[in-house]
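# Structural features, examined
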Amino acid sequence: MLVVTGAPAEYVEPGSGAATSSKDMPRSLAASITGGKIVLRATRLRPGNIRGVIEIGCHFDIANVTTEAAAAGATAAQVFLSDPQKWPTKTIAYPGGADGLKHDAAAAHLPLYVHAPYLINLATLTAKGQTMARNMLRSTISGAASIGAKGVVVHGGHVAAKADPIAGFLSWKDAVDTVYAPGATRGSVPIFIENTAGGNNAMARELDRIAVLWEAISHSEYASEVGFCLDTCHAWAAGWDLTTAVHDIKKITGRLDLIHLNDSRDAAGSGADRHAPLGQGHIPAELLVNIVKEAKCPVIIETHGNPTTEIDWLKARL
Ligand SMILES: [Zn+2]
């Protein structure tokens, strides 16, 4: 049974503020510093010099992902394993298949993220729909593991217009139980739930719904496999305050695993999922840049802009 317990525990941002001495740094980093490496490591963490430590990349075609990422100066990449509008196929359209991509990405020190097919709706309430969505996610996680990916991005999904959203949150929790049960997938990769721009009765459009979704998933023994992907265009379209978005989402989820950094072709609160190249849409540039600075997690750009131009736009502002 789902028990909504009200406001989650207060999130305290680790390492906030300038890292002026080892005392102020995150404990894990401070513990790893020895002898002559102190100056180098401390310098790299200083605000204003995070370009080199934050992974920044784009969504690329899986067939050419390593060469396109290298050409664009990307230090991370996102791919679809197969046509996102269709049932996932087992074939990886990369020279040498999954093994070839895993090898080449590792050799290039290129972290890979997988975006799940759009057809997956893990909130769905029909038995047939649930089986289909969960099988599709199992297949996607298995495929992501086969290429050594660090995470699978999945949209929050929705329930039918007149359905009870609580049932959708519980369906999500059951889906997490199912896909992470022992033996359900070949290999294991975490999923990152992405906030969505619009849609009726969406599970992850508004912050208050994300809070209940997280509460539901927290009842799964595999809750630690579930992270969050913040899409700036979707948050803008859904009417979030982008000045506090990173803090607001971390207060709910306690973690932020990936940023989808996209500008928006439409005004705030439009509900429209239409990405624009960075600096060419309605989202003020400083809001986009500040989200990256605050989040300190990998960034994937999903616009139709030139990947080199998009990555350079961001790097120049960090
Ligand atoms: Zn996205």
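Quick caveat: nothing in here was measured; it's all calculated off a predicted structure.

### Overview of the overall build of the protein
When you go through the protein residue by residue, the secondary structure sums to eleven helices and ten strands. A burial count over the protein gives 40% of its 318 residues as buried. Taking contacts inside the protein between residues at least 6 apart in sequence as the whole, the part at least 24 apart equals 73%.

### Things to note about the sheet that holds strand β3 (residues 112-115)
In spatial order, the strands read β1-β2-β3-β4-β5-β6-β7-β10; together these eight strands close into a barrel with parallel pairing. Within the sheet, the average angular offset between the axes of one strand and its neighbour, ignoring direction, is 30 degrees. Two strands pair when backbone bridges link them, and strand β4 (residues 151-155) and strand β5 (residues 191-194) are joined in this way by four bridges, in the parallel orientation. Directly across from His155, in β5, lies its bridge partner Glu194.

### Brief notes about the environment of Thr253
Residue placement: Thr253 occurs in helix α9 (residues 245-253). Thr253 sits in the buried class, given 22 other C-beta atoms within 10 Å. A sequence separation of 26 residues divides Thr253 from Gly227, and the C-alpha atoms of the two residues are 7.7 Å apart. In this view, Thr253 contacts Trp214 and Phe228; residues no more than four positions away in its chain are not counted.

Parameters and conventions
- Residues numbered from 1 in each chain as written.
- Predicted model: local features only at pLDDT ≥ 70, side-chain atom pairs only at ≥ 80, totals over all residues.
- Helix = DSSP H or I, 4+ residues; strand = E, 2+ residues; numbered from the N terminus.
- Buried ≥ 20, exposed ≤ 12 C-beta atoms within 10 Å, placed from the backbone.
- Contact = placed C-beta atoms within 7 Å.
- Pairing = 2+ DSSP bridges.
- Axes fitted to C-alpha atoms, helices over the stretch in contact; angles between N-to-C directions.

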